[in-house]
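Structural overview
Take a look at the letters that make up each chain.
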Amino acid sequence: MIPENPYLLLTPGPLSTSKTVREAMNRDWCTWDEDYKTIVQNIRSSLLDLSNGGDPYTTVLMQGSGTFSVEAVLWTCLKPKDKILVISNGAYGKRMAKIVSLMGIGLEVLEMEEHLQPDPEKVKELLKQNPDISHIGMVHSETTTGMLNDYASIALLAEQYNKCFILDAMSSFGGIPLDIKSPKIDFLISSANKCIQGVPGFGFIIARKEVLQACKGNSKSHSLDLYDQWEAMENDPGKWRFTSPTHTVRAFLQALEELKEEGGISARYKRYVSNHQTLVKGMKQLGIEAFLAEENQSPIITAFHEPSSPDFSFNKLYHLLKEEGFVIYPGKVSKAATFRIGHIGHVFPEDIQRLIIAFKKIKFW
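Residues numbered from 1 in each chain as written. Predicted model: local features only at pLDDT ≥ 70, side-chain atom pairs only at ≥ 80, totals over all residues. Heavy atoms only, no water.

An unreviewed UniProt entry lists the protein under the name 2-aminoethylphosphonate--pyruvate transaminase, from Cyclobacterium qasimii. As stated in UniProt under Subunit (unreviewed entry), the record for the protein gives "Homodimer." UniProt's Catalytic activity (unreviewed entry) comment on the protein is quoted here verbatim: "(2-aminoethyl)phosphonate + pyruvate = phosphonoacetaldehyde + L-alanine". (UniProt positions renumbered as here; feature names shortened; annotations may be inferred.)

Structure, rendered in structure tokens:
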């Protein structure tokens, strides 16, 4: 199937969306109107269902990119005397640590090599050495490399040691099955323009009510106060404190409907896995190897080693592929020359097969 757009976005988001998601933005909405607020409430309820959170949890929508929602969680749940352990094996773990460092809150960082999974034993050791740690934060799908971190073992330690557990599931929620209650996640953060296949404009947080309610008055940021945003949406159901991205919100409701029609998260996961497997197999035939071991690889995005040929240029590859109808991502791995190809969004195995054909056509190294 040839996409309507001039090129297919093979990125971790923004990503290629369906025609019907884009068409959902073709009218205007009033933020005060009951019809619009009903849309917001339907989204909040649907996200809660997807997480299997049930009554102990609630959903808050937050304007801006996914990073705004990460920062909103950190400003809201961290008190001046708290200390957070951030587990990092890529750019987005580092970003979480950077945000905390600017807040002046106690910070411990467990930095792992980008090709390695977080080590639960090292986490346990740090928790024993630093009993003042109150929170643990980490990334689920680290799109620096395509690493799918095993968050479950860390979440179990957080529960065992009575720590608040924050999971940045930005590029995984909606595309990889998980149960927010087992093991327990206190704050799960994601974005509209990732696996649910909406368009950019807002992020969302699925939070344990008991923990969120204890955060009242914590935030030193007015616009990023997650508790105040939640309270507004609860007191006037569906109402945001400040102007909301109405077109994006309506498109997201359509994207949720299309997720349901596809068969839910398990069916979407199966498609993403098929996309990934098709990609890795085809690239291997071209002599291009994936950066990560297969057991660590997510079905979200794959980092590939750049060919060692002196003729290779990512910039040249990018523009040649764009002419063929595909946009890919530059590398973000700090210690290796890589480029990245995403396989989420309105993308199917036959699209990946077309990409491999394009690679063979334009191969210049």
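After that view of the structure, there is still more to cover.
Time to look at the pattern of salt bridges. Summed over the entire model, instances satisfying the criterion amount to 15 salt bridges. Measuring nitrogen to oxygen at the nearest pair gives 3.4 Å for the salt bridge that ties E113 to K335. Taken as a pair, E113 in the loop between β4 (106-111) and α5 (120-129) and K335 in the loop between β13 (329-330) and β14 (338-342) lie far apart in primary sequence, 222 residues in all. The exposure class assigned to E113 is partly exposed, which follows from its relative accessible area of 37%. Its relative accessible area of 67% is what places K335 among the exposed residues. A salt bridge links R354 to D351; the nearest nitrogen and oxygen atoms lie 3.2 Å apart. Note that R354 and D351 are positioned in helix α12 (residues 349-362) at a spacing of three residues, about one turn of the helix. (Salt bridge = Lys/Arg side-chain N within 4 Å of Asp/Glu carboxyl O. Helix = DSSP H or I, 4+ residues; strand = E, 2+ residues; numbered from the N terminus. Buried < 20%, exposed > 50% of the residue type's maximum accessible area, 1.4 Å probe, protein only.)

The next point concerns the layout of surface pockets. What the largest pocket holds in volume is close to 380 Å³. Taken together, 23 residues make up the lining of the largest pocket; nearest its centre are T67, Y92, R95, M170 and K194. Contributing elements (two or more residues each) for the lining of the largest pocket: α3 (66-77) and α4 (91-103). Per-class residue counts for the lining of the largest pocket are nine nonpolar, eleven polar and three charged. (1 Å grid on protein atoms, 1.4 Å probe; cavity = no way out; pocket = protein on both sides within 12 Å on 5 of 7 lines; lining within 4 Å. Points joined across faces, edges and corners; volume = space filled by probe spheres on them. Nonpolar A, V, L, I, M, F, W, Y, C, P; charged D, E, K, R; others polar.)

As enumerated under the stated definition, the model contains 13 aromatic pairs in all. Judged by centre distance (5.8 Å) and plane angle (70°), the rings of F173 and F204 are edge-to-face. Taken together, the residues span a long stretch of sequence, with F173 in the loop between β8 (164-168) and β9 (187-191) and F204 in strand β10 (residues 202-208) at a distance of 31 residues. Owing to a relative accessible area of 2%, F173 belongs among the buried residues under this scheme. Judged by its relative accessible area of 0%, F204 falls in the buried class. Grouped by ring-pair contacts, the aromatic residues F304, F312, F314, Y318, F339, F359, F364 and W365 constitute a single cluster. (Phe/Tyr/Trp six-rings, centres within 6.5 Å; stacked < 30°, edge-to-face > 60°.)

Take the domain arrangement of the protein next. Assigned domains within the protein: domain 1 (19-260) and domain 2 (264-362). Centre-to-centre, using C-alpha coordinates, domain 1 lies 27 Å away from domain 2. In this assembly, 28 residues from domain 1 lie in contact with 25 residues from domain 2. Taken together, the two surfaces of domain 1 and domain 2 that pack against each other cover about 2,100 Å², and 56% of this comes from carbon and sulfur. At the surface where domain 1 touches domain 2, the tally comes to 15 residue pairs in polar contact (both at pLDDT 80 or more). (Domains from an automatic or database assignment. Contact = heavy atoms within 4.5 Å. Buried area = accessible area lost by both parts, 1.4 Å probe. Polar contact = N/O pair within 3.5 Å; in protein donor to acceptor, adjacent residues only side chain to side chain.)

Below, the discussion takes up the UniProt feature "modified residue: N6-(pyridoxal phosphate)lysine" (unreviewed entry) in the protein. When the UniProt feature table is mapped onto this chain numbering, "modified residue: N6-(pyridoxal phosphate)lysine" (unreviewed entry) sits at K194. Here K194 lies in the loop between β9 and β10. Classification of K194 as buried rests on a relative accessible area of 12%. Side-chain polar atoms of K194 contact the backbone oxygen of G13, separated by 3.4 Å.

Residue P14 is reached from G13 by a cis peptide bond, and omega for that bond is 5°. Mapped onto the fold, P14 is located in the loop between β1 (8-9) and α1 (19-23). A cis amide bond, omega -5°, links S182 with the succeeding residue P183. Residues other than glycine seldom take positive phi values, yet N52 does so here, at roughly 60°. In this fold, N52 is placed in the loop between α2 (34-51) and β2 (57-63). Note on N52: relative accessible area 40%, which makes it partly exposed. Its identity is not glycine, yet Q197 carries a phi of approximately 70°, on the positive side. With a relative accessible area of 6%, Q197 lands in the buried category.

To continue, consider the sheet that holds β4. Strand pairing within a sheet occurs via backbone hydrogen bonds; the two strands may be parallel or antiparallel. Sheet architecture is open: seven strands sit in the order β2-β10-β9-β8-β5-β3-β4, paired in mixed fashion. Bordering the open sheet on either side are β2 and β4, each of which pairs with just one other strand. Adjacent strand axes in the sheet meet at a mean angle of 20°, parallel and antiparallel pairs treated alike. In this sheet, β8 lies alongside strand β5 (residues 135-139) in parallel orientation, the contact comprising five bridges. Each residue of the ladder has a partner; that of V139, found in β8, is D168. The sheet contacts of helix α8 (residues 226-235) involve β2, β9 and β10, and relative to β2 the element is tilted by about 105°. (Pairing = 2+ DSSP bridges. Axes fitted to C-alpha atoms, helices over the stretch in contact; angles between N-to-C directions.)

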